[in-house]
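# Summary of the model geometry
Chain by chain, the residues run as shown.
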Amino acid sequence: MKKIILAQVLTTKGKTEFSGLYDKHGNAVTVDVERDSSGVSLIVWQDEQKKQHFDCGISEEEIQRTCAMFDDCGDCPLKEYCESEALKQN
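As the structure is a prediction and not an experimental result, all values here were calculated from the model. (Residues numbered from 1 in each chain as written. Predicted model: local features only at pLDDT ≥ 70, side-chain atom pairs only at ≥ 80, totals over all residues. Heavy atoms only, no water.)

### Remarks on the side chain of threonine 30
Where we set the bar: Put simply, DSSP marks the helices as runs of H or I at least four residues long and the strands as runs of E at least two long, and each gets a number from the N terminus on. The contact rule is simple, with two residues in contact once any of their heavy atoms fall within 4.5 Å.
Within the secondary structure, threonine 30 sits in strand 2 (residues 28-36). Beyond its immediate chain neighbours, meaning those up to four positions away, threonine 30 contacts Glu17, Phe18, Ile43, Val44 and Trp45.

Following this line, the structure appears as structure tokens:
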């Protein structure tokens, strides 16, 4: 069951920030809702200082072997690990 924790209508130009929220990995995120002349924007961003490293629990050699077994990253069970590593390097 999903619960609505807050409902707000933006009737004028402005920005509202929500903190105390987390992504599916438990990392803290901030959500900005902004209304301007072009419409309404929803932005979810992660605080780099609080960002946690995703650990898949296996060695680098095993990671490489697992990746080599899949032609498409979308089917690989380590997809989230690889994505978190790519973000960490940027």
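Resuming the write-up.
### Examining the sheet that holds strand 2
The condition that has to hold: Here, a strand pair is defined by DSSP locating no fewer than two bridges between the strands. In this analysis an axis means a line fitted to C-alpha atoms, helices contributing only their contacting stretch, and an angle means the value between N-to-C directions, from 0 to 180 degrees.
Spatial strand order, 1-2-3: three strands in an open sheet with antiparallel pairing. Of all the strands in the sheet, the pair left with one neighbour each is strand 1 (14-22) and strand 3 (39-46). Within this sheet the neighbouring strands show an average axis-to-axis angle of 15°, counted without direction. Summarising the sheet, strand 1 and strand 2 pair through seven bridges and their orientation is antiparallel. Along strand 2, the bridge assignment pairs glycine 14 with arginine 35.

### Details of the pattern of salt bridges
This is how the line gets drawn: Salt bridges are defined as contacts in which a side-chain nitrogen from Lys or Arg sits within 4 Å of a carboxyl oxygen from Asp or Glu. Burial classes: relative accessible area under 20% of the type maximum marks a residue as buried, over 50% as exposed, and values in between as partly exposed (1.4 Å probe, protein chains only).
Scanning the model with the defined rule gives three salt bridges in all. One salt bridge connects aspartate 32 with lysine 15, and the closest N-O pair in it is separated by 3.8 Å. Of the two residues, aspartate 32 is situated in strand 2 and lysine 15 in strand 1; the sequence distance between them amounts to 17 residues. Of the residues examined, aspartate 32 reaches a relative accessible area of 6% and is grouped as buried. The closest approach of N and O atoms between arginine 65 and glutamate 61, which form a salt bridge, is 3.7 Å.

### Side note on the pairing of strand 3
With eight bridges connecting them, strand 2 and strand 3 associate as antiparallel partners. Within the sheet, the bridge partner assigned to arginine 35 lies in strand 3 and is valine 40. Taking the residues that link successive antiparallel strands as the turn, the strand 2-strand 3 hairpin has two residues.

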